Amino acid sequence: MTRDEPFETDRTTTANDHPDQAISLSQALLEPRIVIENTLPVLDGGLFAAKAVVGERVEVSSKVYTDGHDSLAVMLNWRQAHSRRWHCVPMTFLGNDLWQAWLPVTEQGGHLFSIEAWIDPFATFCHDLEKKFNAGVPVLLELQEALLLLDHNIQRSQGLLREQLLGLRLALPTQTPEEQVERLLHADTALLMREADHRTFLSRSPEYPLDVERQQALFASWYELFPRSVTDSPERHGTFNDVHERLPMIRDMGFDVLYFPPIHPIGKRHRKGRNNALQAAPDDPGSPYAIGSEEGGHEAIHPQLGSREDFRRLVAAAQEHGLEIALDFAIQCSQDHPWLKEHPGWFSWRPDGSIRYAENPPKKYQDIVNVDFYAAEAVPSLWLALRDVVLGWVKEGVKMFRVDNPHTKPLPFWHWLIANIRSQYPEVIFLAEAFTKPAMMARLGKVGYSQSYTYFTWRNTKQELREYFEELNQPPWRYCYRPNFFVNTPDINPFFLHESGRAGFLIRAALATMGSGLWGMYSGFELCESTPIPGKEEYMDSEKYEIRPRDFSQPGNIIAEIAQLNRIRRQNPALQTHLGVAFYHAWNDNILYFGKRTAERDNFILIAISLDPHNAQEANFELPLWELGLDDNADTRGEDLMTGHRWTWHGKTQWMRIEPWHLPFGIWRIEKAQ
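Residues numbered from 1 in each chain as written. Predicted model: local features only at pLDDT ≥ 70, side-chain atom pairs only at ≥ 80, totals over all residues. Heavy atoms only, no water.

1. Some words on the sheet that holds strand β7 (residues 92–95)
- In space, the four strands of this open sheet follow the order β2-β4-β8-β7, with antiparallel pairing throughout. Only two strands of the sheet have a single neighbouring strand rather than two, namely β2 (35–40) and β7. In this sheet, adjacent strand axes meet at a mean angle of 30 degrees when their direction is disregarded. (Pairing = 2+ DSSP bridges. Helix = DSSP H or I, 4+ residues; strand = E, 2+ residues; numbered from the N terminus. Axes fitted to C-alpha atoms, helices over the stretch in contact; angles between N-to-C directions.)

This is how it looks when you write it as structure tokens:
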């Protein structure tokens with residue numbers, strides 16, 4: 001159903017608006033008789049938009065009830081934010097005052113939805129009529145009441161609807177009581193009466209926002225590399241043209257996003273040397289996060305990487321390989337950034353006239369200075385300049401941005417910038433590199449970030465992983481936060497990987513690819529690189545400070561396994577989101593055993609991952625036959641998605657053995673036996 005007229009939200013004054021005043025009779029008479037509450041998906045009472053992606057069916061639910069025993073009609077209404085046309089679908093009663101409907105979204109951009117409910121006299125009549133008729137109670141008086149209800153609706157109707165109701169009114173008296181009851185209880189009659197109903201005691205909820213993005217906001221595989229390291233020698237700076245040679249292998253591993261750290265000119269003053277040394281050697285390339293030199297700032301390209309035309313060719317070549325280029329948006333400047341001379345009022349200066357560089361005690365980043373978003377000269381010019389930087393790269397074909405440390409910048413800035421960019425380019429996706437307190441991480445999602453880095457890196461035990469996966473599936477997280485499970489980053493070399501060997505890397509890859517629709521890895525993970533600075537989650541000889549060529553054919557790599565994991569994700573819709581996870585019994589604390597399934601259960605994946613990279617682990621475990629509507633002794637068919645092996649399971653309780661020197665995990669598709 002659709003309608004073109006504006007859909008106005010009722011606003012009724014209640015005593016709660018004036019807690020110090022007694023409610024008046026006139027106010028009480030205006031209060032809604034029908035209660036609509038606990039509506040989902042709603043964030044902070046509708047202050048922020050819940051998230052969805054194109055092609056998704058969004059589950060909308062609400063508690064709706066009233067006094068007495070009258071039947072209710074409940075309708076879900078929705079429209080695109082730029083349109084005046086509302087679409088309507090009846091909600092289904094699930095019991096205990098809970099109503100549900102599915103909102104299909106087919107276009108990107110903002111949407112609004114609302115719920116309305118009214119007392120349905122004809123539904124109430126039919127409920128009583130059916131009960132009495134089935135109990136053998138005479139219903140002649142009820143059949144007369146039906147004629148009166150029809151007369152009322154005929155008077156309120158016009159056109160074809162009036163003709164159909166009039167035909168029903170004339171036909172009923174010519175039929176037997178049994179035929180009349182059958183006709184009145186028919187679904188077609190209910191539909192006609194609902195269309196003519198004047199909606200007694202109509203109540204409406206507020207309009208709630210929904211932000212619909214493209215599918216890659218929920219399902220994507222990210223691969224991070226430093227273009228300058230795509231070279232055959234640490235003495236030769238890699239270029240965009242060199243990256244062309246890596247595209248086929250990255251594509252064949254199953255990645256669809258190729259992400260670069262900052263590609264801008266790097267400052268020379270206070271440039272960092274190898275392993276974060278405070279003094280750089282003459283040939284040290286510096287950290288790409290020290291953005292800006294005499295060659296330009298955030299809008300410019302490091303001259304050793306190539307020209308702007310080289311970059312455009314790379315974007316086009318990546319697209320031909322099914323890859324999308326993502327760039328780092330790092331709002332920080334080297335002390336050589338042009339803005340320091342052009343806009344000194346955008347920065348913080350110390351009493352001695354020196355500039356305040358970035359600090360995170362005990363760490364010091366002398367090569368980086370931060371802007372001051374609320375300096376007198378920065379509002380609004382700095383905000384607009386940063387917006388224009390993003391727009392400039394969008395116009396170059398970049399539609400994905402990984403944002404460095406967004407939690408250290410003002411939330412109002414992100415709220416404005418992301419909305420401004422996406423109002424022009426709704427396909428743009430922002431990934432928050434935020435490792436901070438949960439409330440801030442959730443808030444970044446609420447103000448517009450499409451996805452975020454997570455605590456996944458530091459969840460290792462069975463209990464920790466289960467609790468975290470389940471938390472991300474619960475409100476409000478499921479409505480505002482899409483987790484991107486990066487297994488490593490240039491900044492984070494997880495302790496788990498230091499001594500776990502090849503099996504440890506496979507364990508983390510399986511957890512990431514199966515746990516979320518979004519995952520990512522930093523180049524070198526496929527080679528099981530893990531040499532740390534002793535006692536720290538940092539890489540020795542970090543690529544942030546030097547050029548690091550690699551031999552991607554070296555023995556012991558896990559390239560084939562990563563490719564198969566990504567292939568499994570693409571072939572199974574249940575794995576294309578972090579939602580739909582359920583944990584089942586496996587009686588071994590070293591084996592994490594869970595399922596991912598679609599709402600219809602037409603794609604059901606079981607995953608068992610040993611968390612021990614050194615020893616074989618065994619466990620009895622349960623097949624979730626109840627979720628397939630099967631009894632405990634039923635047969636099911638299983639398929640190992642890593643090897644292609646197929647078999648039949650008999651009954652609910654099974655046994656597994658996982659040997660990390662082969663594969664430290666199992667991924668099985670389960671279905672009913674025919």
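2. Things to note about the UniProt feature "active site" (unreviewed entry) in the protein chain
- On the UniProt side, "active site" (unreviewed entry) is annotated at positions that read Asp404 and Glu433 here. Look at the named residues: they lie 30 residues apart in sequence, but the longest C-alpha span between them is just 5.3 Å, so in the fold they bunch up.
- Along the chain, the position of aspartate 404 falls in strand β17 (residues 400–404).
- Setting aside residues no more than four positions away along its own chain, aspartate 404 makes contact with Tyr289, Asp328, Phe329, Ala330, Gln332, Lys409 and Glu433.
- By the element assignment, glutamate 433 lies in strand β18 (residues 429–433).
- Given the relative accessible area of 6%, glutamate 433 is considered buried. (UniProt positions renumbered as here; feature names shortened; annotations may be inferred. Contact = heavy atoms within 4.5 Å. Buried < 20%, exposed > 50% of the residue type's maximum accessible area, 1.4 Å probe, protein only.)

3. Some points on the sheet that holds strand β22 (residues 581–583)
- If you walk across this open sheet you meet the six strands as β22-β23-β24-β29-β26-β27, and the pairing is antiparallel. With partners counted over all chains shown, the strands left at the sheet margins are β22 and β27 (646–650), one partner each. Between one strand axis and the next, the sheet turns by 30 degrees as a mean value, whatever way the strands run.
- As paired strands, strand β26 (residues 635–640) and β27 are joined by five bridges and run antiparallel to one another. In the sheet register, arginine 637 faces β27, and the bridge partner there is threonine 648.

4. Considering the side chain of glutamate 639
- Along the polypeptide, glutamate 639 turns up in strand β26.
- According to the relative accessible area criterion, glutamate 639 is buried, its value standing at 15%.
- Leaving out residues up to four positions away in the same chain, glutamate 639 has contacts with Gly644, His645, Arg646, Trp647, Ile667, Trp668 and Arg669.

5. Here's the deal with unusual backbone geometry
- The residue after leucine 40, namely proline 41, is reached through a cis peptide bond having omega 5 degrees.
- With respect to the secondary-structure elements, proline 41 resides in the loop between β2 and β3 (50–53).
- Of note, the amide linkage connecting proline 475 to proline 476 takes the cis form, showing an omega dihedral of 0 degrees.
- Summarising the element assignment, proline 476 is placed in the loop between α14 (462–472) and α15 (477–480).
- In the Ramachandran plot, phenylalanine 201 falls in the positive-phi region, its phi being about 55 degrees despite a non-glycine side chain.
- As for its placement among the helices and strands, phenylalanine 201 is situated in strand β10 (residues 200–204).
- Positive phi values are uncommon outside glycine, yet asparagine 275 reaches one of about 55 degrees.
- Given a relative accessible area of 33%, asparagine 275 falls into the partly exposed group.

6. Observations concerning the nonpolar core
- Counting 133 residues, the largest nonpolar core has Phe311, Phe401, Trp414, Phe430 and Ile667 as its most contacted members.
- Of all the elements, helix α11 (residues 381–394) adds the most residues to this core, at nine residues.
- Not counting residues within four places of it along the chain, the set of residues in contact with phenylalanine 430 comprises Val390, Phe401, Val403, Leu417, Ile418, Ile421, Tyr449, Ser450 and Gln451.
- Of all hydrophobic cores here, the second largest spans 21 residues; its members include Ala217, Ala220, Val257 and Ile368. (Core = buried A, V, L, I, M, F, W, Y, C linked by side-chain atoms within 4.5 Å.)

7. So, the UniProt feature "site: Transition state stabilizer" (unreviewed entry) in the protein chain
- UniProt records the feature "site: Transition state stabilizer" (unreviewed entry) for Asp491 in the present numbering.
- Mapping aspartate 491 onto the fold places it in the loop between β20 (484–486) and α16 (495–498).
- Take aspartate 491: its relative accessible area is 30%, and that puts it in the partly exposed class.
- Those residues within four positions of aspartate 491 in sequence are excluded, and the remaining contacts are Arg402, Glu433, Glu537, Glu538 and Lys544.

8. Observations concerning the packing of helix α2 (residues 121–134) against helix α3 (residues 140–155)
- At a minimum axis distance of 11 Å, the contact between α2 and α3 shows a crossing angle of 165 degrees. As far as their axial angle goes, α3 and α2 are roughly antiparallel. Once α2 is placed against α3, the crossing between them reads as left-handed. When α2 is examined against α3, the residues Phe122, Phe125, Leu129 and Lys132 are found in contact with a partner set consisting of Glu142, Glu145, Ala146 and Leu149.
- Each residue belonging to the contact of α2 with α3 can be placed in one class, and the counts come to five nonpolar, no polar and three charged. (Parallel < 35°, antiparallel > 145°, perpendicular 65-115°, else oblique. Left-handed = near helix turned anticlockwise from the far one by under 90°. Nonpolar A, V, L, I, M, F, W, Y, C, P; charged D, E, K, R; others polar.)

9. Remarks on the packing of α11 against helix α12 (residues 411–424)
- Contact pair α11 / α12: the axes reach a minimum separation of 11 Å and the direction vectors enclose 40 degrees. When the axes of α11 and α12 are compared, the pair comes out oblique. The crossing of α11 and α12 is right-handed. Packed against α11, whose contacting residues are Trp383, Leu384, Leu386, Arg387, Val390 and Leu391, the element α12 presents Pro412, Phe413, Trp416, Leu417, Asn420, Ile421 and Gln424 at the interface.
- Taken together, the residues of the contact of α11 with α12 sort by class into ten nonpolar, two polar and one charged.

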